[in-house]
Amino acid sequence: MGSGFSRAPRRAALAILAALSVGGPAAAAAERQTPSGLPVPRYVSLKFGVVNARAGPGNDHRLLWVYRVRGLPVQVVAETSEWRRICDPSGGLAWVHKRTTEGRRNVINLAARPQPLLRSRKPTAPPKAFLNPRALAALDRCEKGWCRVKAGRVSGWAPEGSLWGTAEAPQCR
């Protein structure tokens, strides 16, 4: 009877280890928690018209530049409890304090031409408006390869990936 009790915990431990190893590194990465509990990468916007970009997560790190665009879409690629490492539409990587960002998602037209905002999710749909180069718009939602954005009082559809802030993949390496 004593030997049966010693084998049961060993079998249970082996079963748990086997179950954990089935998922491999992908399952371990999915289990990894960020300080905010939100996924990384993810998009946010700059909350203020003046945001300091630093070389590291803290006010004691060197100031790299100052963002001067309220609502600029950025992608969070890493985080600490108080700081977010962001990728900006120009490809710059910097750390900003979490209080300088907000969860509202915006997009920006980085193309040299105006981006048509279509009346429906069809490539042949007529344009409802155009989003000028370097113009910001609020992202409503993306579905089936199309994103609905709103600029001022006008909303329309643009192909996913045609505006910076819609691709889910990391934008900076």
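Up top is the structure these notes are about.
What you are looking at is a predicted structure, and each value in this text was computed from that prediction instead of being measured.

### Points about the state of the cysteines
Inference 1: Scanning the model with the defined rule gives two disulfides in all.
Inference 2: Between the sulfur atoms of cysteine 87 and its disulfide mate cysteine 172 the distance is 1.9 Å. Here cysteine 87 and cysteine 172 share a disulfide; its torsion about the S-S bond, 65 degrees, makes the bridge right-handed. Of the two residues, cysteine 87 sits in strand 5 (residues 83–87) while cysteine 172 sits in the segment after strand 13 (154–159), which places them 85 residues apart along the sequence. Cysteine 172 carries the same exposure label as cysteine 87, and that label is buried.
Inference 3: Disulfide pairing places cysteine 142 opposite cysteine 147 at an S-S distance of 2.0 Å. What sets the handedness of the cysteine 142 and cysteine 147 disulfide is the S-S torsion sign, and at about 105 degrees it is right-handed.
Inference 4: Given the relative accessible area of 32%, cysteine 142 is considered partly exposed.
Inference 5: In this structure cysteine 147 comes out as buried when scored by relative accessible area, which is 1%.

### Focus on the environment of glycine 152
Inference 1: Within the secondary structure, glycine 152 sits in the loop between strand 12 (146–151) and strand 13.
Inference 2: Since its relative accessible area comes to 64%, glycine 152 is described here as exposed.
Inference 3: Separated by 15 residues in the primary sequence, glycine 152 and alanine 137 have C-alpha atoms spaced 7.9 Å apart.

### Structural notes on the nonpolar core
Soluble, globular proteins show a tendency: their nonpolar side chains are buried together.
Inference 1: Counting residues in hydrophobic clusters, the biggest one holds 16 residues, and the most contacted among them are Leu46, Tyr67, Leu72, Val74 and Ile86.
Inference 2: Among the elements of the structure, strand 1 (42–46), strand 2 (51–54), strand 4 (73–79), strand 5 and strand 6 (93–97) are those that each provide at least two residues to this core.
Inference 3: For this core, the leading source of residues is strand 1, giving three residues.
Inference 4: Once residues lying within four places of it in the same chain are set aside, the contact partners of tyrosine 67 are Leu46, Gly49, Val50, Val51, Ala53, Leu72, Ile86, Asp88, Gly92, Ala94 and Val96.

### Some words on the environment of serine 120
Inference 1: Residue position: serine 120 is located in the loop between strand 9 (115–118) and strand 10 (127–131).
Inference 2: Sequence separation between serine 120 and arginine 148 is 28 residues, and the spatial gap between their C-alpha atoms is 9.0 Å.
Inference 3: The residues touching serine 120, leaving out its near neighbours within four places in the chain, are Ala125 and Trp157.

### Focus: unusual backbone geometry
Inference 1: In this chain, valine 40 is followed by proline 41 through a cis amide linkage whose omega measures 5 degrees.
Inference 2: Within the fold, proline 41 resides in the loop between helix 1 (2–31) and strand 1.
Inference 3: You will see that arginine 134, though not glycine, has its phi angle at about 70 degrees, which is positive.
Inference 4: Among the structural elements, arginine 134 can be located in the loop between strand 10 and strand 11 (136–143).
Inference 5: Look at lysine 144: it is not a glycine, yet its phi comes out positive at around 50 degrees.
Inference 6: Along the chain, lysine 144 turns up in the loop between strand 11 and strand 12.

Cut-off values and rules
Residues numbered from 1 in each chain as written. Predicted model: local features only at pLDDT ≥ 70, side-chain atom pairs only at ≥ 80, totals over all residues. Heavy atoms only, no water. Disulfide = S-S within 2.5 Å. Helix = DSSP H or I, 4+ residues; strand = E, 2+ residues; numbered from the N terminus. Buried < 20%, exposed > 50% of the residue type's maximum accessible area, 1.4 Å probe, protein only. Core = buried A, V, L, I, M, F, W, Y, C linked by side-chain atoms within 4.5 Å. Contact = heavy atoms within 4.5 Å.

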